[in-house]
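The chain contents come next:
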Amino acid sequence: VQLQASGGGLVQAGGSLRLSCAASGRTFSNYDIAWFRQTPGKEREFVAAIRWSGSITHYADSVKGRFTISRDNAKNTVYLQMNSLKPEDTAVYYCAAPRTYVSDNYYLMSEHDYWGQGTELTVSS
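Residues numbered from 1 in each chain as written. Predicted model: local features only at pLDDT ≥ 70, side-chain atom pairs only at ≥ 80, totals over all residues. Heavy atoms only, no water.

Chemist: Got a sec to walk through the overall build of the protein chain? Specific residues and values, please.
Modeler: A count of helices and strands for the protein chain gives 0 helices and 11 strands. Relative to the 2.2 N^0.38 estimate, which gives 14 Å for 125 residues, the radius of gyration of the protein chain is 13 Å and therefore close to what a compact globule would have. Its C-alpha atoms give the protein chain principal-axis dimensions of roughly 40 × 30 × 25 Å. Once local pairs closer than 6 in sequence are excluded, the contacts in the protein chain between residues at least 24 apart make up 59%. (Helix = DSSP H or I, 4+ residues; strand = E, 2+ residues; numbered from the N terminus. Rg over C-alpha atoms; globule rule 2.2 N^0.38 Å. Contact = heavy atoms within 4.5 Å.)

Chemist: Now, about a nonpolar patch on the surface: what can you tell me, with residues and values included?
Modeler: Together, Trp52, Tyr101 and Val102 make up a nonpolar patch on the protein surface, roughly 270 Å² of accessible area in all. The residue Trp52 is located in the loop between β5 (45-50) and β6 (57-59) in this model. (Patch = residues over 30% accessible without salt bridge, like charges linked within 9 Å, V, L, I, M, F, W, Y side chains within 5 Å. Areas by Shrake-Rupley, 256 points an atom, 1.4 Å probe, with all protein chains shown as cover. Salt bridge = Lys/Arg side-chain N within 4 Å of Asp/Glu carboxyl O.)

Chemist: Tell me about the environment of Val1, residues and numbers included.
Modeler: Relative to the helices and strands, Val1 is located in the segment before β1 (2-6). In this structure, the C-alpha to C-alpha distance between Val1 and Gly25, residues 24 residues apart in sequence, is 5.5 Å. Ignoring sequence-local partners within four residues, the contact set of Val1 consists of Ala23, Ser24, Tyr31, Ala97 and Tyr114.

Chemist: Describe the packing of aromatic side chains, with residues and values.
Modeler: Counted under the stated rule, the structure contains 7 aromatic pairs. A ring pair is formed by Phe36 and Phe46, whose centres lie 5.9 Å apart and whose planes are at 75 degrees; its orientation type is edge-to-face. Of this pair, Phe36 sits in strand β4 (residues 33-38) while Phe46 sits in strand β5, and the two are 10 residues apart along the sequence. In terms of burial, Phe36 and Phe46 fall into one category: buried. (Phe/Tyr/Trp six-rings, centres within 6.5 Å; stacked < 30°, edge-to-face > 60°. Buried < 20%, exposed > 50% of the residue type's maximum accessible area, 1.4 Å probe, protein only.)

Chemist: Could you give an account of the pairing of strand β7 (residues 67-72), with specific residues and numbers?
Modeler: Each regular strand carries side chains that alternate between the two faces of the sheet. The side-chain alternation of β7 yields one buried face, formed by Phe67, Ile69 and Arg71, and one unburied face, formed by Thr68, Ser70 and Asp72. Taken together, the 6 bridges between β7 and strand β8 (residues 77-82) define a ladder with antiparallel strand orientation. Bridge pairing links Asp72 to Thr77 in β8. (Pairing = 2+ DSSP bridges.)

Chemist: Explain unusual backbone geometry to me, using residue names and the numbers behind them.
Modeler: Located in the positive-phi region is Ser84, a residue other than glycine, with phi close to 50 degrees. Examined against the element boundaries, Ser84 turns out to sit in the loop between β8 and β9 (91-98). If you check the backbone angles, Tyr101 has positive phi at about 70 degrees while not being a glycine. Relative to the assigned elements, Tyr101 resides in the loop between β9 and β10 (112-115). Owing to a relative accessible area of 34%, Tyr101 belongs among the partly exposed residues under this scheme.

Fair warning: the whole summary comes from geometry, so function is off the table for now.
Written out as structure tokens, the structure reads:
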């Protein structure tokens, strides 16, 4: 599966933005999808994940209650709705999928073999 993240930009603190992860391939609906983010000098960190069916979602504590992950399998797209943005949310955001289609270790970078190119979010204070 090939992934392409988009939707990043510059937003003021307290604002909202929605990221998209578009996928190619007929098997997209079989894949769990996760979002990670990375800032310079830091390791990529888990943000959110969604089961292939959309029935289960997971969030990092730092974004819980502010971010919502969803998917539209008919459109081969996963979304990350980000509300109440903070300057510390500034990062490059990546979507990713595991080689095994499904992974219970959704929070681990090492579980994901397919990565989008990243989209940059800047939150100004």
